Amino acid sequence: MKRARRRALQVALGTAMAGLVPRHTPLFALREAEAARPGRSAGGTTPDARSPSTAALPQVVLDVQFDPATRLLRGEATWTIPSGVALELALDRRFTLEALSVDGRPRPLAEGGAPVGTTRRVIAIAAAPGTRTWLLRWRGPLADLDRSLDHRGVIGALPPMASPRGSYLPAGSGWYPETTLPVHYRVRVELPSGQRAVVPGRLVSESADGTGSHAVYESILPTEGVTLMAGPYRVDERPLPLPGGRSVRLRTYFVEGVHPLAQDYLAAAAAPIERYDREIGPYPFDGFSIVSSPLPTGFGLPGATYIGEAVLGLPFMRGQSLAHEVLHNWWGNGVRPDWRSGNWSEGLTTLMADHALRAAQSPDAARQMRWSWLRDFAAIAPGSDAPLQAFTSRTHGAASAVGYGKSAMLFHMVRGEIGDTAFHEALRDLWRSHAGRSAAWKDLQAAFERRAGRSLAALFEPMVSGTGAPLLLPQSVRAEPDGATVRLTFAEPLLYAFRLPVVAWTGDRAEPTTLELRRGERSVTWRPPGGRIPDALQFDPGFAAWRRLAPGESPPLLRDAMLAPDARLLVASDGDEGWRSAAAELAARMLEAAKPATARLTELDAAVPLLIIGRHEDIDRLVRRDPRLIRPTPLPRQADAALWAARSSAGAPRIVASVEDTVALIDLHRRAPHYGAQGHVGFRSGRAIVSGVGSIESPRVPVAP
Ligand SMILES: [Zn+2]
């Protein structure tokens, strides 16, 4: 699990660095799996369920000093190991172990363990009767965070890093002698003047003056490791009162450059904490801290979130992403996924935070988000997806399409099946029974089944343990001779049981209804409401089911050509050196293809992906020649620059970049790469004035007589 966590973290950084504003929860989608197991919670509330093993958990007291300027860290760890518990302590080999004693008796440092591989030394402690105290002292240099910033894309194993701008010592990096077991901890950190430290947990004491700062934190809940963040922070705080006399200490730890955002963040954090506290159950920590990071990170820790300075200013971060990270205090850090059977927490968090916020905007915004889950899945190679039970964290596109999109869709389907009330009551039950513990997919299924009063196995089992997605467009739709029923036959046996939303069309009249899908059956006999056979049926036009997209449901997106390794550049207007190099620069920034080849006008309909760049009048001429390139109607003529996606006659992706002049083209360099998830975007005076994916129309299947 540790290894998985470290790998996930690296990937999160890589993803974040690759593109600033991806689609749903880009930087934030990954939480560091620092899960927690409450023995008690904040504000005097006690979760109903305590971990039975809490008493037998190891405890560590850490006393740590480091100087971000010299990067030298020294620390002392006192491990209290309960009777009968065996564990391994791993320390990064960059550190020197200086002293080791057991129950006050020094041991030779040779017992400091043999180096394992190249990065860790491991100290194995066998189970023994009676409580033992292991004391370890270590010191050594932290990695240079500033240098890792220069090598963003190639961060290998993420080491503990320090610099005067900020320091990040993640759980799992071996910055102290750590175990993979959940533990209780108390950490005392001492830093030079001007630097402040943050560790997830209860702030026990702190002081900061001209000589330096110190802070003591202790875990409210047992966690899987200690993460330490530090920087030249200014600390702002406000209390958030919650029902029952409870109070949560909201804090920002922001460096000077982003400090003006502090009050906005303190205000923004209140709403989701209040909402989920009301909807799910008591917020399990005594504070929530938003910590700025010099790294382009974005993840949740118990009672905290660590967000890249570069993205803190984006409205998206304060809205959807902050809500997502706040919700991980319930799903992920409050109730931990049982890693052996898959991480359900990202899907549930995506549905209850990201999707709920979209739904609050408009039903269509929510529909478009669900469509994007299906679209993301459609973009991965057939057969390359793994089941939900194998998902732990976002490591690549396929994992994310399943672990976030498919998982969120399953929860959406469950809600559709059992209704809003039962869905939310089941989640409250889950919180009551599992807060502070881990839960597996089967525990979630059981919680929903109890409230539904029936088995949901025919939906859960294939969705959790199976791969792929069904095409829910029938091969044939026929009226039966009785004149009152319709027989639908699918190409393959149905993957799961579900009440599929269907729209029945009679003339211009649309009637929403449902179709009962049974697992394993190929055909369905359907009785139209009112007994009248409709002219045509539209299957799941609201994208409420996990399925393959039908023809017409996949409008082209800019990223189709952006991600194509064989994309080429076609410059459709003549121009001077400045124009040509501006066009080449846009191709370099937008296209994943390394050194994209150039294409000629004669290749306009070639079966290769193209980025077509031209001035408005030349693009208009091309569109007259190839109407497939037509400018989408939402794009106004007066845009300085417009980008839209299209397809060739053979289906090869196209990006058309239509610009006023070289200045408008140069202006696209920085902006265009962020719009991959859109089908079109228009800019005026350097600002996006319109963007979208165009209309997504589900096909109407005529009912054959
Ligand atoms: Zn997440």
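Since the model is a prediction, treat every value here as computed from it, not as a measurement.

Participant: Account for the overall build of the protein chain, naming residues and giving values.
Facilitator: A count of helical and extended segments in the protein chain gives 15 helices and 36 strands. A buried classification covers 57% of the 705 residues belonging to the protein chain. Across the protein chain, every contact between residues at least 6 apart in sequence was considered, and the portion connecting residues at least 24 apart equals 70%. When the accessible surface of the protein chain is totalled, it reaches about 27,600 Å², and 51% of it is carbon and sulfur.

Participant: Run through the sheet that holds strand E1 (residues 59-67), naming residues and quoting values.
Facilitator: The sheet built from eight strands is open, its strands ordered E5-E4-E8-E2-E1-E12-E15-E14 with mixed pairing. Edge positions in the sheet fall to strand E5 (105-106) and strand E14 (202-209), since each of these pairs with one other strand and no more. Pairing of E1 with strand E2 (residues 72-81), which is carried by nine bridges, proceeds in the antiparallel orientation. Each bridged residue has a counterpart across the sheet, and for Leu-62 the counterpart in E2 is Ala-77.

Participant: An account of the sheet that holds strand E21 (residues 304-308) is requested, with residue identities and associated values reported.
Facilitator: Taken in spatial order, the five strands line up as E17-E18-E19-E21-E20 in an open sheet, and their pairing is mixed. Since the sheet does not close on itself, it has two edges, and those belong to strand E17 (234-242) and strand E20 (298-301), each with one partner. Adjacent strand axes in the sheet meet at a mean angle of 15°, parallel and antiparallel pairs treated alike. As paired strands, strand E19 (residues 287-293) and E21 are joined by five bridges and run parallel to one another. Residue pairing for E21: Ser-293 is matched across the bridge by Gly-308. Helix-sheet contacts for helix H3 (residues 262-279) involve E17, strand E18 (246-254), E19 and E21, and the interaxial angle to E17 is about 30°.

Participant: Describe the packing of aromatic side chains, with residues and values.
Facilitator: Working definition: an aromatic ring pair is given by the centre-to-centre distance plus the angle between the planes. Scanning the entire structure with this criterion turns up 21 aromatic pairs. Pairing Trp-330 with Trp-431 gives two aromatic rings, centres 6.4 Å apart and planes at 50°, and the pair type is tilted. With Trp-330 in the loop between helix H5 (315-327) and strand E22 (336-337) and Trp-431 in helix H9 (residues 420-434), the pair connects residues that are 101 residues apart, well separated along the chain. Assigned by exposure class, Trp-330 and Trp-431 land together as buried. Consider the rings of Tyr-675 and Phe-683, whose centres lie 5.6 Å apart with planes at 85°: the pair is edge-to-face.

Participant: Explain helix H6 (residues 345-361) residue by residue, including any values.
Facilitator: For H6, spanning 17 residues, the distance from its first C-alpha to its last is 24 Å, which sits close to the expected 24 Å at 1.5 Å a residue. Roughly 35° is the biggest bend found in H6, and it falls at His-355. Looking at H6, one finds that the buried residues are Ser-345, Glu-346, Gly-347, Leu-348, Thr-349, Thr-350, Leu-351, Met-352, Ala-353, Asp-354 and His-355.

Participant: Describe in detail H3, supporting the description with residues and values.
Facilitator: Taking 1.5 Å of rise per residue, the 18 residues of H3 would be expected to cover 26 Å, and the 27 Å separating its terminal C-alpha atoms lies within 8% of that figure. Burial in H3 covers these residues: Ala-262, Tyr-265, Leu-266, Ala-269, Ala-270, Pro-272, Ile-273, Tyr-276 and Asp-277. Directly after H3, the chain includes Gly-281, whose backbone phi takes a positive value near 160°.

Participant: Describe the confidence of the model for the protein chain, with residues and values.
Facilitator: Here the protein chain shows a mean pLDDT of 87. Residues at 70 or above account for 89%. Long-range and interchain partners of residues 1-54, a stretch whose pLDDT sits below 50, account for 187 contacts in this model, where long-range means more than four residues apart.

Participant: Please provide a residue-by-residue account of the nonpolar core, values included.
Facilitator: Membership of the largest hydrophobic core comes to 153 residues, with the highest contact counts inside it found for Phe-66, Trp-331 and Phe-448. Among the elements that take part in this core, helix H8 (residues 397-418) stands out by supplying ten residues, more than any other. Excluding residues that lie within four positions of it along the chain, Phe-66 makes contacts with Leu-72, Leu-73, Leu-142, Ala-162, Ser-167, Leu-169, Val-189, Glu-190, Leu-191, Pro-192, Leu-228 and Ala-230. Of all hydrophobic cores here, the second largest spans 28 residues; its members include Leu-569, Ile-613, Val-659 and Phe-683.

Participant: Outline the pairing of strand E25 (residues 486-489), supporting the account with residue identities and numerical values.
Facilitator: Two strands pair when backbone bridges link them, and strand E24 (residues 476-479) and E25 are joined in this way by four bridges, in the antiparallel orientation. Pairing of Ala-479 across the sheet is with Val-486, part of E25. Counted between consecutive antiparallel strands, the loop separating E24 from E25 contains six residues, among which Gly-483 sits at a positive phi close to 75°. In this structure, E25 lies alongside strand E28 (residues 523-526), joined through four bridges in antiparallel fashion.

Participant: Got a sec to walk through empty space enclosed by the protein? Specific residues and values, please.
Facilitator: Within this structure, the stated rule accounts for five cavities of 30 Å³ or more. Approximately 160 Å³ is the volume found for the largest cavity. As for the largest cavity, its lining consists of 19 residues, of which Gly-201, Tyr-217, Gly-287, Ser-289 and Gly-303 are closest to the centre. Where the lining of the largest cavity is concerned, the elements lending two or more residues are E14, E18 and E19. Its residues assigned to classes, the lining of the largest cavity shows eleven nonpolar, four polar and four charged.

Participant: Which residues make up the side chain of His-616, and what values go with them?
Facilitator: Mapped onto the elements, His-616 comes out in helix H14 (residues 616-625). Dropping the residues within four chain positions of it, His-616 is found in contact with Ala-639, Asp-640, Ser-658, Val-659 and Glu-660.

Participant: Which residues make up the environment of Val-216, and what values do they have?
Facilitator: On the secondary structure map, Val-216 appears in strand E15 (residues 212-218). Between the alpha carbons of Val-216 and Glu-206 there is a distance of 6.3 Å; along the sequence they are ten residues apart. Ignoring anything within four residues of it in the chain, the contact list for Val-216 reads Arg-186, Val-187, Arg-188, Arg-202, Leu-203, Val-204 and Ser-205.

Participant: Tell me about the packing of H9 against helix H10 (residues 441-452), residues and numbers included.
Facilitator: In the contact formed by H9 and H10, the axes pass within 8 Å of each other and the chain directions differ by 130°. By the angle between their axes, H9 is oblique relative to H10. Every pair of crossing elements has a handedness; the one defined by H9 and H10 is right-handed. Residue-level contacts link Ala-422, Phe-423, Glu-425, Ala-426, Leu-427, Asp-429, Leu-430, Arg-432 and His-434 of H9 to Asp-443, Leu-444, Ala-447, Phe-448 and Arg-451 of H10.

What counts as what
Residues numbered from 1 in each chain as written. Predicted model: local features only at pLDDT ≥ 70, side-chain atom pairs only at ≥ 80, totals over all residues. Heavy atoms only, no water. Helix = DSSP H or I, 4+ residues; strand = E, 2+ residues; numbered from the N terminus. Buried < 20%, exposed > 50% of the residue type's maximum accessible area, 1.4 Å probe, protein only. Contact = heavy atoms within 4.5 Å. Areas by Shrake-Rupley, 256 points an atom, 1.4 Å probe, with all protein chains shown as cover. Pairing = 2+ DSSP bridges. Axes fitted to C-alpha atoms, helices over the stretch in contact; angles between N-to-C directions. Phe/Tyr/Trp six-rings, centres within 6.5 Å; stacked < 30°, edge-to-face > 60°. Expected span 1.5 Å × (residues − 1). Bend = angle between axes of the 7 residues up to and from the residue. pLDDT = per-residue confidence, 0-100. Core = buried A, V, L, I, M, F, W, Y, C linked by side-chain atoms within 4.5 Å. 1 Å grid on protein atoms, 1.4 Å probe; cavity = no way out; pocket = protein on both sides within 12 Å on 5 of 7 lines; lining within 4 Å. Points joined across faces, edges and corners; volume = space filled by probe spheres on them. Nonpolar A, V, L, I, M, F, W, Y, C, P; charged D, E, K, R; others polar. Parallel < 35°, antiparallel > 145°, perpendicular 65-115°, else oblique. Left-handed = near helix turned anticlockwise from the far one by under 90°.

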